[in-house]
Each structure stands twice: as structure tokens, then as C-alpha cells.
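Chain by chain, the residues:
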Amino acid sequence: MIAAISGITLLAILGMPVFCVLGLVALLAFRGAGIDTTAVIVEMQRLATAPMLIAIPLFTLAGYLFAEAKSTARLVRVSRAFLGWFPGGLALVAIVACGLFTAFAGSSGVTIIAMGGILLPALLAEGYSERFSLGLVTAAPSLGILFPPSLPVIIFAYVAQVSVDQLFLAGILPGILLFAIVALYGMRAARGVPRQQFTAHEVWSAVRGAAWELPLPIAVLGGIYSGVIAITEAAAITALYAFIVEVFIYRDIKLSQLPRVIKEAMLLVSGILIVLATALGLTNYLIDAEVPYAIFDWMQGAIQSKLAFLLLLNIFLLLVGCLLDMFSALIVAVPLIVPIAQGYGVDLLHLGIIFLVNLEIGYWTPPVGMNLLIASFRFRRSVTLLYKVSLPFLILLLIALLIITYVPGLSLVLPRTVGTAP
Amino acid sequence: MDIATGPHPEGSTLAALGARLFAQPWTTPEVLMALGLGAILLVSLIHFLIERVAVGRILLALFRRGEIGLLAIIVLGMMVLSAAQVLFRNVAGGGILWVDPLLRYATLWIGFLGAAVATREGRHIQMDVLGRLLPPRLRRLAGATTHLAAAATCLVLAESSYRHLAAEYTNDSREFLQIPTWILLGVIPLSLALMTVRFTGLAFFPPPETTIADVAPIPIPPAEATP
């Protein structure tokens, strides 16, 4: 037993694909319990029983179409026309544009690549320091993670079985907190940077340039927050609309490029789905074996208070976030931690926000944060420089994380007042 | 469940054959695993040899294009059908009954087909904390070991899924539009078998080292300032 566990752990950290690790553990667990291994396959089949999962390929397709098209430049231009005259205007532009883009693209790594090339030269040209600019374009993409139609939120809602609409509502205030903290820092960093003029003419021509794309985020955010459209319906509309606009109206994506864009999008999707498929069997087995309850009983001896549990959860998730990508971390850890968190009386919506912010910060925690590596490659700077420049942002977001963790009201007030009772 | 009275006599023969095979004293899981691994090795060797021949290379390239083409057709079909469904639901007052399950199975197909493509490109989600720190020779050894373990896992999963589908076939279970369940789930054993072959191939003929450049989802346009 111990030999098997250590062997599999070794294989996992040596780089065996996560879905194979989970599949192997599930096979061994089911065989050990005397259950036929076809049970693992029966659990995999459950991918085809969840209506919400349809949203994943559709939103990802839309996100990759936007990333490949010149929509990034149009988005930056529009936000610049509106926000550029503020002190720290371009920093605000970067924060808002990257945040919005991440919400649609589903992962902040895509945003670093799609947006960074436009924003970094612009920031440097306006006179922001290189340290600040590099840190900002690495950190800002993470800020949009809580807003619709963010993929990780959908996945948490599916795995933890909470209402996705409620979870999006819960994310509004914490999301604004993240934005505000980084925006204040950006304004401070912008001292000495000349401010831009606000001209109605530029606003008009920027809006006209992006006239086909602007209605979409307004419709999707408004539709989901107000509960008028379901998440799968929003996904369907977004995908078709993005396809028509980028391929046939703006013609930024040629038909010959389409297979590659679709392939890249579907590799991200299948990477998530195959881990989900193999994890479903394993987590169900562990829950049937009452493993989370055993951990809860054991933990209660050492940790009595909810606050101490949350602090431990923060540290645990930061570590997990360093090791695993967000999607597999959500898929594997959420079903096991949900019963424990409920034991300590943590609201699941609050737990979701803690999970998402925590894991997103893990993306750029040294030494192996994926976003640091992507930024290092994208901006041709050394990883060690990126450790340094992202450190102030890391500290700011950790402070925000602590506030989000210890002030549950921030997450819970909106779903409790605006939303229908769960 | 009585196998012999199933509506597919040939299917029940197959299942009975399987049942008899698995009842033999020498067919322990370990022996079957070894036999299966041998078979996979043979297929991988044939795959390798095919790649040496021009015609073989063309066939393989066609196969790979077919995979990606199928993925594209499925997701574009999903896009059109799901948008049409929204329209029907809100304008015509009700959606088409079979579209929703079809979309759900399409998601399953994307998951498994895409996983096979990801295997070929070595782009599965994985932890690579230790792998990056090892010296090159140890790293190659670690790569071969993890890929073989992955191949073995996929092999057992493929075998399990085949048995599951065979049971669905003999039960003659059907989903929407009377489509047999085993056809809708057919992608699971196919993709797992393909991944077994591909993981074996990666273990013995590792591709050149991938860098973050290959993993990055979008090629870099030249840096440009905003207007």
C-alpha cells in the first residue's frame, strides 16, 4: 500500500500526465475494494450527463477566436479612450482590458500572450518603469478570474454542485477588491507619467472600431448577472457570435487558420475534460469510503476554529497552485475539501471564491508558477527578473486574499440579497 | 441478465467468448497485462516501421488530419446546434428534444478525441517540478518510465471500457433517437487504445525536448504599440 502510494507519487512529480495518475489510482482503488474496473468507465461516462459542461468547449472556442483576432488591440483602444485620462490611466487600461479578456479566454496564460505584446510596449512608451510594467502585464490577467463567463468558476460550480449564477454573484465584490487594490498601486506607480487628454472624438472612433465586439461582454455579463440567460445559452450565443464576427465580419481569422485555432482551443478543453473524467471515479470512490469525513475527524482534534481551518486552507491551496494547474487542482481538491469545509461551517460560495483566488495566485508564485514562465517566454526576460517584478503584486494580492478569506460577507452579501435563496 | 437471449447473437457470442477467456486459470490480470503490453509493443513497432515508408507517412498524416478535422466538425456543429437550440427555446417555445443529449455526448467526444491528440503532441496537463531539475540522462529515463506507466494505465482503462461497451451492446441499450449507447461511447475505448500506442511510442522514441515555446497556445506577433 505504502509502496504503491509512494511509487505513484514519484511518477506524478516526474511528469506522468495527471489524468493517468488519477486513472491508475482509481483502477487500484476499485480493484482493492473488489469492484470491477468497468466502474471507472461508468464514472467517465458521466461527462455526458452534465448539461453545464457543454459551456466549456463553446466558451473556450470563443476565447481563442478573440485571442487570435485583433480584438485585443480594439479592446485596449476602447478602454484607453474611456480610462486613459485618469491618473495612472494606462495602468487602469491594462487592468480592465486584461481582466475582461481573461474572463472570456478562460485562462490568464492566454491573456498574457494575447495582450502583453500590445500593452507592454505602450506602458514603456508612456514612461512607466520597466519593473512596474512587466509586473503589471504578468499580474493583471489574473484579476478577471471571478467574472463571467470565467471557466474556472463554471468548473468549481460543477464540481462542488453549487449554483453557477450565485457563484458569479458572489465573485463581484471580491473581484472588484482585487481590481481596486492593483489599480491603487498602479496610480501610485504612475506619478510623473504625463496624463492623456480625454477626447470625445477618440471615444467615438474607438467604439465604432469595436462596434461588433462591444455588445457581447455587455450582453453576457448583464445576462448572467441578471439571470436572464443560462450559462449554457450564453456559451452558445458567445461562440457563434465570436465566430461570425471574427471570421466573416472583421475577417481577422482566415478560414485556413481555423483548424489550428480550433485545435489549440480543443486541446485546452480536452485537457480539462479528460482529467475530470478520470477524477470523477476516484473522488466518488473516496467519498463513498468516507475519506473526507475521516480527515475532518482527524483535523478537528488539532484545529477547532473556522479561521484556523481557513488559514490552513490558504496555505494548502497556494502549495497546490504551485504544483498543479488550476483546472486539475479544482477537479481533484474540491470534492474532497467541500465536506471538510462544511464541517467547519464554511459557506460553499465563500469557499469557491477562496479556492479560485488562491489557485490563481498560485499561477505566479515562484518558483514554478506557470504564468511567470509564460511571461518570461513572451517578453523575453529571465524568470528571475519576473520573480522580482511580480513580487509587489503578489504581496498585494495575498493581502486581498486574506481580506476575502476572513470577511465572508464580501462574498456572501450579494448572492444573499440579490439572488434567489439557494 | 441472460447473455444468450440478447438481441445481438454475435455480440453475445463475443461476450461469452470473453467470459470464457477470463474464466481460464492462467488469465490473471497480470498475464493479460503482459500479453496486452506485448501486443501494444508490436503495434508500436509496426507504427514505427510504417513511419519509415513514404506511403506510411502519408497515411499517418492523413489520419492525424482526420482527427483534427473530426474535432473541428464536432465543435463547429455544437456551436451551430446549441445556438439554434437557444433560438428554438426562446422563439418557437421549445427546444428539440434530441439536441441536448447530442451536445452532451459531443462534449464527451471532444474530451476523449482531444486527449488522443494531446498525447501525440505531448501536451497533457502534468506536474513537471522534478522533471525540469533532473540532468538530461535521468530526465530521459524518467520520461520513458512515466510514459510506460501512462501506457499501461490507458491499456487497462481501454480493456475495461471495451468490456463495458460489450455489455451495453448485448443489453442493446439505446439513447436519444434510438442510437445505440455503445456507438455514442465508442470514442472511449478507441481514444484510450490510441493513447496506449502513442504513450508507448513516446516512451521508446521520445520527441525532441519541448520548451515553453511549444506549449504556449498562441504564436507571438511582433510587439507593436497601440495607435
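Asks: Could you clarify how one ought to interpret the overall build of chain A in this entry?
Replies: Secondary structure summary: chain A contains 21 helices and zero strands in total. Over its C-alpha trace chain A gives a radius of gyration of 22 Å, about what one expects of a compact globule, namely 22 Å for 422 residues. Oriented by its inertia axes, the alpha-carbon framework of chain A measures out at about 70 × 45 × 45 Å. Of the contacts made within chain A by residues no fewer than 6 positions apart, 80% connect residues no fewer than 24 positions apart. When the accessible area of chain A is evaluated, it comes to approximately 15400 Å², of which 70% is carbon and sulfur surface.

Asks: Looking at this structure, how should I read the side chain of Arg-198 of chain B?
Replies: Tracing the sequence through the fold places Arg-198 of chain B in helix α8 (residues 187–204). Residue contacts for Arg-198 of chain B: discarding those within four places in its chain leaves Phe-63, Arg-64, Glu-67, Ala-116, Val-117, Thr-119 and Arg-120 of chain B.

Asks: Would you explain the packing of helix α4 (residues 55–68) of chain A against helix α9 (residues 151–160) of chain A in this entry?
Replies: Relative placement of two packed helices is described by the angle separating their axes and the distance separating the axes. Residues and elements named next belong to chain A. Contact geometry of α4 with α9 gives a least axis separation of 11 Å together with a crossing angle of 175°. Here α4 lies roughly antiparallel to α9, going by the angle between them. Counting all contacts with α4, which are made through Ala-55, Ile-56, Phe-59 and Thr-60, the residues of α9 involved are Leu-151, Ile-154 and Ile-155. In terms of residue class, the contact of α4 with α9 is built from six nonpolar, one polar and no charged.

Asks: I tried to follow the nonpolar core on my own but got confused; where do I start?
Replies: Side chains of a nonpolar character, in soluble globular proteins, are inclined to be buried together. Residues and elements named next belong to chain A. Grouped together as the largest cluster of nonpolar side chains are 205 residues, with contacts concentrated most on Leu-136 and Phe-355. If you tally residues by element for this core, the top one is helix α14 (residues 258–288), at 17 residues. In this structure, this core is formed jointly by two domains, domain 1 (1–36) and domain 2 (37–417), each of which donates at least three residues. Once residues lying within four places of it in the same chain are set aside, the contact partners of Leu-136 are Ala-91, Ala-94, Ile-95, Leu-123, Pro-141, Val-182 and Phe-393.

Asks: I'm lost on empty space enclosed by the protein in this one. Help?
Replies: All names here are of chain A. The final tally for this structure, using the stated rule, is one cavity of 30 Å³ or more. Its volume calculated, the largest cavity comes out at about 40 Å³. Every residue along the wall of the largest cavity is listed here: Ser-142, Ile-145, Leu-178, Val-357, Glu-360, Ile-361 and Leu-397. Among the elements that line the lining of the largest cavity, the one with the most residues is helix α18 (residues 348–362), at three residues. Taken together, the residues that form the lining of the largest cavity break down as five nonpolar, one polar and one charged.

Asks: Looking at this structure, I do not really get the pattern of salt bridges. What am I missing?
Replies: Oppositely charged side chains are able to pair whenever their charged atoms sit close together. Residue and element names in this part refer to chain B. In this structure the tally under the stated criterion is 21 salt bridges over all chains. A salt bridge links Arg-120 to Glu-67; the nearest nitrogen and oxygen atoms lie 4.0 Å apart. One end of the pair, Arg-120, is in helix α4 (residues 99–120); the other, Glu-67, is in helix α3 (residues 54–92), with 53 residues separating them in the sequence. For Glu-67, a relative accessible area of 5% puts it in the buried group. For Arg-163, the salt bridge is made with Glu-159, and the minimal N-O distance between the two is 2.9 Å. Residue Arg-163 and its partner Glu-159 are located together in helix α6 (residues 136–171), separated by four residues, close to a single helical turn.

Asks: Mind showing me how you'd approach the interface of chain B and chain A here?
Replies: Interface size is commonly expressed as the accessible area that is lost once the parts come together. Contacts between the two partners involve 69 residues from chain B, matched on the other side by 76 residues from chain A. Applying the counting criterion to the chain B and chain A interface returns four salt bridges. Ionic pairing is found between Glu-233 of chain A and Arg-89 of chain B, a salt bridge with its closest N-O pair at 3.0 Å. At the junction of chain B and chain A, the tally comes to 11 residue pairs in polar contact (both at pLDDT 80 or more). Put simply, the parts of the chain that give the side of chain B that touches chain A at least two residues each are α2 (29–52), α3, α4, α5 (129–133), α6, α8 and α9 (212–215) of chain B. Per-element accounting of the side of chain B that touches chain A gives the leading share, 14 residues, to α6 of chain B.

Asks: Honestly, the domain arrangement of chain A in this entry has me stumped. Any pointers?
Replies: Residues and elements named next belong to chain A. On domain assignment, one finds that chain A holds domain 1 (1–36) and domain 2 (37–417). Measuring from the centre of the C-alpha atoms in domain 1 to the corresponding centre in domain 2 gives 30 Å. Taken together, the contact pairs 13 residues of domain 1 with 14 residues of domain 2. Overall, the association of domain 1 and domain 2 removes approximately 1200 Å² of surface from exposure, summing both partners, and the carbon and sulfur fraction of that is 83%. It is Leu-22, Phe-30 and Asp-36 that lose the most area in domain 1 upon contact with domain 2, and together they represent 43% of the buried surface on that side.

Asks: Sorry, what's going on with α4 of chain B here?
Replies: Residues lying three or four places apart along an α-helix face the same way, a consequence of the helix completing one turn every 3.6 residues. End to end, α4 of chain B covers 31 Å across 22 residues, agreeing with the expected 32 Å (1.5 Å per residue, within 8%). Positioned one or two residues after α4 of chain B, Gly-122 of chain B has a phi angle of 60°, which is positive.

Asks: What is the right way to look at the confidence of the model for chain B in this model?
Replies: Residue and element names in this part refer to chain B. Here chain B averages 78 in pLDDT, while 74% of its residues score no lower than 70. Confidence, expressed as mean pLDDT per element, reaches its minimum in chain B at α9 with 43 and its maximum at α4 with 94. Interface predicted TM-score (ipTM) for the complex: 0.86; the corresponding pTM is 0.84.

Asks: Just checking my understanding: could you explain the packing of aromatic side chains for this structure?
Replies: The final tally for this structure, using the stated rule, is 16 aromatic pairs over all chains. Considering the side-chain rings of Phe-19 of chain A and Phe-199 of chain B, the 6.4 Å spacing of their centres and the 35° angle between planes classify their relative orientation as tilted. Residue Phe-19 of chain A is found in helix α2 (residues 18–32), and its partner Phe-199 of chain B is found in helix α8; the two belong to separate chains. For Phe-19 of chain A, a relative accessible area of 2% corresponds to the buried category. Here Phe-199 of chain B falls in the buried class, since its relative accessible area comes to 2%. Taken together, a centroid distance of 5.8 Å and an interplanar angle of 50° make the contact between Phe-156 of chain A and Phe-355 of chain A tilted. Highlighted residues: Phe-156 of chain A in helix α9 and Phe-355 of chain A in helix α18, separated in sequence by 199 residues. Residues Phe-156 of chain A and Phe-355 of chain A agree in their burial class; the two are buried. Among the aromatic side chains, those forming a connected cluster through ring pairs are Tyr-128, Phe-132, Tyr-185 and Phe-393 of chain A. A cation over a ring is seen here: Arg-74 of chain A above Tyr-250 of chain A, with NZ or CZ 3.7 Å from the ring centre.

Asks: Help me understand the confidence of the model for chain A, please; the structure alone is not making it clear to me.
Replies: Low pLDDT marks regions whose predicted coordinates should not be analysed in detail. Taken as a whole, chain A shows an average pLDDT of 87; of its residues, 99% reach a score of 70 or greater. When mean pLDDT is taken per element in chain A, α18 of chain A scores highest with 93 and helix α19 (residues 370–378) of chain A scores lowest with 83.

Cut-offs used in this document
- Residues numbered from 1 in each chain as written.
- Chains lettered and ligands numbered in written order.
- Predicted model: local features only at pLDDT ≥ 70, side-chain atom pairs only at ≥ 80, totals over all residues.
- Heavy atoms only, no water.
- Helix = DSSP H or I, 4+ residues; strand = E, 2+ residues; numbered from the N terminus.
- Rg over C-alpha atoms; globule rule 2.2 N^0.38 Å.
- Contact = heavy atoms within 4.5 Å.
- Areas by Shrake-Rupley, 256 points an atom, 1.4 Å probe, with all protein chains shown as cover.
- Axes fitted to C-alpha atoms, helices over the stretch in contact; angles between N-to-C directions.
- Parallel < 35°, antiparallel > 145°, perpendicular 65-115°, else oblique.
- Nonpolar A, V, L, I, M, F, W, Y, C, P; charged D, E, K, R; others polar.
- Core = buried A, V, L, I, M, F, W, Y, C linked by side-chain atoms within 4.5 Å.
- Buried < 20%, exposed > 50% of the residue type's maximum accessible area, 1.4 Å probe, protein only.
- Domains from an automatic or database assignment.
- 1 Å grid on protein atoms, 1.4 Å probe; cavity = no way out; pocket = protein on both sides within 12 Å on 5 of 7 lines; lining within 4 Å.
- Points joined across faces, edges and corners; volume = space filled by probe spheres on them.
- Salt bridge = Lys/Arg side-chain N within 4 Å of Asp/Glu carboxyl O.
- Polar contact = N/O pair within 3.5 Å; in protein donor to acceptor, adjacent residues only side chain to side chain.
- Buried area = accessible area lost by both parts, 1.4 Å probe.
- Expected span 1.5 Å × (residues − 1).
- pLDDT = per-residue confidence, 0-100.
- Phe/Tyr/Trp six-rings, centres within 6.5 Å; stacked < 30°, edge-to-face > 60°.
- Lys NZ or Arg CZ within 6 Å of the ring centre and 35° of its normal.

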